[in-house]
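Now for the letters of each chain:
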Amino acid sequence: MAAPPSGKVVYEQEGVFIHSSCGKNDDQDNLIAGILRVIEKENEVVVDWRPLDETLDTSNILCAGKDSSSVVEWTQTPKEKCSRGADRPSSYEAEWDMVTTVSFKKKPHSNGDATTHANRESKWSFLFSLTDLKSIKQNKEGMGWSYLVFCLKDDVKLPALHFHHGDSKSLIKCLEKHVALNESPHDERVLLVKTQKSLSQSFENLFDEPSYGLLQKWKKDPYVVTMGKFSKVTNYIVGTLRSSDQSNQRRPPSEMADFFNDTIPGLKINQQEEPGFEVITRIDLGKQPEVSRREPVSAEEWAKNMDSEGRILDVDYIKRLIFKGGLCHTLRKEAWKFLLGYFPWNSTKEERANLQKRKTDEYFRMKLQWKSVSEEQEKRNSRLRDYRSLIEKDVNRTDRTNKFYEGEDNPGLILLHDILMTYCMYDFDLGYVQGMSDLLSPVLYVMENEVDAFWCFVSYMDQMHQNFEEQMQGMKTQLIQLSHLLRLLDSGFCSYLESQDSGYLYFCFRWLLIRFKREFSFQDILRLWEVMWTELPCQNFHLLLCCAILESEKQQIMDKHYGFNEILKHINELSMKIDVEYILCKAEAISMQMMNCKELPQTVSEILGIENSLVTPDSDTGEDESAAELSCPTSLYQSISTPVIAANGTRDGAQQAAETQSLAPA
């Protein structure tokens, strides 16, 4: 009997037949006996059927590049067939990431070909990943042998599998452990696979695949694609999008809209006349104000704003300081707990100590839950197994150049792993999704404590949760909001992006997903995140950071007439080249521009959390009155008047001497 591909066999059934050549008289040709298996791979579950014949020629197994609809056959010379057939299982292991979609077709045989195998059944062998399963059709009860027909997502139907020994229901039960099956409302015999995003795919080998694989990966799993080396995708995506156009012309925006709508269902971004959008006419926002930043908050400043019991005296004031300059590193371990909501701002030192004791007990109870799971138990818990496997992979490649995580058997890596596993116990429905290790890494680096890092991470994930949910609602909302803001800021640039099929801002996906973690240096991310956590000067300040980066690159993109390909490549190559202080100044200037606007569209007001932004044209007080009516007025942080780093990155030392006097609490 031919050996199955390597992995854990969770279902195996002999006596599963394919009925072929139904018009012939020879019964032996009509029934092909085989064995059906469901096999758990590391991050994959596979259905595999093959004939029982010992002399099976595995070169006839049909497999395709990952997520591809194009069939690729193993085609060897007669000599290669003899040598490769025996070691096919090990070959599967080496190439597994590339073999997850299969289409069924008969392999033609040439007459008189001496190498044609007598075992004609071998050509029917197939395997496919459950991620590619679309539906299962069952026969009606009482209609002879039970059979199942698998239909894949590319609408390829595999041959019916007849269960001569019965037990087809056991297979369905097995599959239901890995995919959600719902009865079709149109045909009770058809079980539909509930679509789930494949969030746990590996980064590995992502960019070694043919173009069709990358395109399908982007459509199936934008998370994984955008988290990888995105620049290498550009040629593949564009080539694939346009390869079917015989005239070699650009696809119209309407077709591109369909493509990205398929990628992120429900994503509606204005493409000139998208229904349901508030029409934003050209509004003069005025000149961007000059904005400067100050030095980071010192330990002395922090201590001065705390009473004898450890309460923060003026929360708004300390937030303004942090927004304008960030924190010195020695303060981060304490201040981040407040910024992330782990510590209440009005708590005393004693109350915080008691909170930490309770949270320590709670953490280790959850940690014990997964630590005490035996190997036997874990074998019966596929989700926990999958979470662990993905966490182990991601931990081993998260910030390994940072001294806190470098080297083998690093205690930082162990803590990173344990916190992420415990988070799976805290929120088992979400579990672990790629990208979450990026959010935890800086938090653990600052806290240097497993329990504190966990609860700070929990608070951060409360903010970021929707980014990682299966329906991607958080990502949809943010991309739409970013489109509104950018259109108000520069409608001409938006129009240019749309003309280059780039109006969907998909190149910002990674920025939003993990809050710029891959775009700035590690130390710059610490500064950027603590500024964003102040929630000043308005809601969704991170979207204004996106606007600031895009506006900074607008001139080059437009002057050099960058197209789809070049825009994607250019934005990706900004990684680790962006000046964090300059971008913070620019984003703050944009926020002031918008909040001082007397005719701010309602949609934008809601995005930024600004109320009553409209000011009557005959107002005598002008900008001052406008600012006073905002829910997050510019005056909130303008009281800190000591600029140190200007928007152009230069230092203003002349005003530094007045710093002590200007920073006294209001």
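Residues numbered from 1 in each chain as written. Predicted model: local features only at pLDDT ≥ 70, side-chain atom pairs only at ≥ 80, totals over all residues. Heavy atoms only, no water.

> Is there a simple way to explain the overall build of the chain in this structure?
Within the chain, the regular secondary structure consists of 28 helices and 13 strands. In the chain, buried positions account for 55% of the 666 residues. Summarising the internal contacts of the chain: among those between residues at least 6 apart in sequence, 70% fall at separations of at least 24. Counting only carbon and sulfur atoms, one obtains 48% of the accessible surface of the chain, whose full area is about 29,800 Å². (Helix = DSSP H or I, 4+ residues; strand = E, 2+ residues; numbered from the N terminus. Buried < 20%, exposed > 50% of the residue type's maximum accessible area, 1.4 Å probe, protein only. Contact = heavy atoms within 4.5 Å. Areas by Shrake-Rupley, 256 points an atom, 1.4 Å probe, with all protein chains shown as cover.)

> Before we go on, may I ask you to explain helix α18 (residues 473–489) in this structure?
Three or four residues apart is the spacing at which side chains of an α-helix point the same way, because the helix has 3.6 residues per turn. For α18, which comprises 17 residues, the first-to-last C-alpha distance of 24 Å matches the rise-based estimate of 24 Å (1.5 Å per residue) to within 8%. Within α18, 15 of the 17 residues are buried, which leaves it mostly tucked inside the rest of the structure. (Expected span 1.5 Å × (residues − 1).)

> I tried to follow the environment of M425 on my own but got confused; where do I start?
Note on placement: M425 falls in helix α15 (residues 411–426). Residues M425 and W370, 55 residues apart in the sequence, show an inter-C-alpha distance of 7.3 Å. Look past the residues within four positions of M425 in its chain and what remains in contact with it is M366, Q369, W370 and L384.

> How do you make sense of the packing of aromatic side chains when you look at a structure like this?
Between two aromatic rings, the relevant description is the distance of the centres plus the angle of the planes. Under the definition given, this model contains 27 aromatic pairs. Between the aromatic rings of F404 and Y405, the centroid separation amounts to 4.9 Å while the plane-to-plane angle is 85°, which identifies the pairing as edge-to-face. Ring centres of Y426 and F454 lie 6.0 Å apart, and the angle between their planes is 85°; on these two criteria the pair is classed as edge-to-face. Here Y426, found in helix α15, pairs with F454, found in helix α17 (residues 450–468); they are 28 residues apart in sequence, far enough to count as distant. Residue F454 is classed as buried on the basis of its relative accessible area, which comes to 0%. In this structure an aromatic cluster arises from ring pairing among Y363, F364, Y423, Y426, F454, W455 and F457. Here the guanidinium or amino end of K359 rests over the ring plane of W455, the centre of that ring lying 4.1 Å away. (Phe/Tyr/Trp six-rings, centres within 6.5 Å; stacked < 30°, edge-to-face > 60°. Lys NZ or Arg CZ within 6 Å of the ring centre and 35° of its normal.)

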